[in-house]
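# Coordinate analysis (summary)
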Amino acid sequence: MTDRRLILVRHGVTHWNREGRFQGHLDSPLSDAGRHEARLVAARLAADPRLRPARIVSSSLGRAMDTAVAIAEPIGVSIEVDARLMEIGQGEWEGRTRAELETADPIRYSEWREASGIRQPPGGEPVDEATRRVAALLDDVVASESWPVCLVSHGGTMRILALGLLGLGVPTPPALDVDNASLSVVRGWNGSWHLERWNDALHLLGQEPTHIDEVDGRPLSL
């Protein structure tokens, strides 16, 4: 029986992550620390036969692509680019910092922060639309003949992936930490997916800070 492991990797940290700036569909490059994080997670995956990807699928945004390139290089696997793994579009707030919104748009920002589950900013991509594109991507991936499969994506999108894979959307989705350059692993077995690890950032400890722009498993910006 094929050992089906799906590895979810969030991109390395960017300057905008550090600034608490909403990224969404806009792009900001990895910072020097983010490139270091990408190399660290790449080394972790390459060294573990259970996690060494046979296939890598990346969001089309540069911060994810650069992370995927770092993962691909030491193992010699080509990268497949798929826009369905993009971050959830953040609408009016893309490019703006949470500090700015706390002053300029405090009511709507407070409502966004306090709402349960995955939230849609003003004018942002509807969460159900983002969920449909992610679900379509998963349908394609689970038909893969090469395992493990590594998906390189974003904090909001990875939360949607978790809800879809593990059935966590009812009645209220839980808060989930998703650190930059963390890895999470789900394993297909008996027709369903089982969580092996979530938000594993051991390769970053003592090397780079974690929990950037997140509090109690909830992002302060996306």
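Data block above holds the structure.
Note that this is a predicted model, so its numbers are computed, not measured.

### Here's the deal with the nonpolar core
- Counting residues in each nonpolar core, the largest one holds 20 residues, and the members touching the most others are Leu6, Leu8, Leu138, Val149, Leu151, Leu161 and Leu165.
- Broken down by secondary-structure element, the contributors of at least two residues to this core are β1 (4-10), α6 (127-141), β4 (149-153) and α7 (155-166).
- If we ignore the near neighbours within four places in the chain, the residues touching Leu8 are Leu151, Met158, Leu161, Leu165, Ser182, Leu183, Ser184 and Trp198.
- Counting 18 residues, the second largest nonpolar core, distinct from the first, contains Val9, Ala46, Ala64 and Val77.

### Structural notes on the side chain of Arg197
- With respect to the secondary-structure elements, Arg197 resides in strand β6 (residues 192-200).
- Within the structure, the side chain of Arg197 is placed 3.1 Å from the side chain of Asp200, a separation counted as a polar contact.

### Things to note about the packing of α6 against α7
- Two numbers describe how α6 lies on α7: the axes approach to 10 Å, and their chain directions differ by 65°. Crossing hand, α6 versus α7: right-handed. Residues Ala130, Thr131, Val134 and Leu138 of α6 touch α7, and the partners they reach there are Thr157, Ile160, Leu161 and Leu165.
- Looking at side-chain class alone, the contact of α6 with α7 contains 6 nonpolar, 2 polar and no charged residues.

### So, the packing of helix α2 (residues 32-47) against helix α3 (residues 62-72)
- At their nearest, the axes of α2 and α3 sit 8 Å apart, and the two run at 40° to each other. When the axis of α2 is compared with that of α3, the two are oblique. Relative to α3, the crossing made by α2 is right-handed. Residues Ala38, Arg39, Val41, Ala42 and Leu45 of α2 lie in contact with α3, whose contacting residues are Thr67, Ala70 and Ile71.
- When the residues that make up the contact of α2 with α3 are grouped by side-chain class, the tally is 6 nonpolar, 1 polar and 1 charged.

### Looking at the pairing of strand β5 (residues 183-189)
- With respect to burial, β5 is a largely interior element, 5 of its 7 residues being buried.
- Looking at chain direction, β1 and β5 are connected through 6 bridges and run antiparallel. Each bridged residue has a counterpart across the sheet, and for Val9 the counterpart in β5 is Leu183.
- Linking two consecutive strands that pair antiparallel, namely β5 and β6, is a turn of 2 residues; a positive phi of about 55° is found at Asn190 within it.

### Digging into the pairing of β4
- For β4, the buried fraction is high: 5 of the 5 residues fall into the buried class.
- With burial as the criterion, each face of β4 is covered, one bearing Val149, Leu151 and Ser153 and the other bearing Cys150 and Val152.
- As judged from the 5 bridges shared by β1 and β4, these two strands associate in the parallel manner. Looking at the pairing, Val9 lines up with Val152 of β4.
- Where strand β2 (residues 55-58) lies against β4, 4 bridges are found, and the strand directions are parallel. Across the sheet, the residue bridging to Arg55 is Val149, located in β4.

Criteria and cut-off values
- Residues numbered from 1 in each chain as written.
- Predicted model: local features only at pLDDT ≥ 70, side-chain atom pairs only at ≥ 80, totals over all residues.
- Heavy atoms only, no water.
- Core = buried A, V, L, I, M, F, W, Y, C linked by side-chain atoms within 4.5 Å.
- Buried < 20%, exposed > 50% of the residue type's maximum accessible area, 1.4 Å probe, protein only.
- Helix = DSSP H or I, 4+ residues; strand = E, 2+ residues; numbered from the N terminus.
- Contact = heavy atoms within 4.5 Å.
- Polar contact = N/O pair within 3.5 Å; in protein donor to acceptor, adjacent residues only side chain to side chain.
- Axes fitted to C-alpha atoms, helices over the stretch in contact; angles between N-to-C directions.
- Left-handed = near helix turned anticlockwise from the far one by under 90°.
- Nonpolar A, V, L, I, M, F, W, Y, C, P; charged D, E, K, R; others polar.
- Parallel < 35°, antiparallel > 145°, perpendicular 65-115°, else oblique.
- Pairing = 2+ DSSP bridges.

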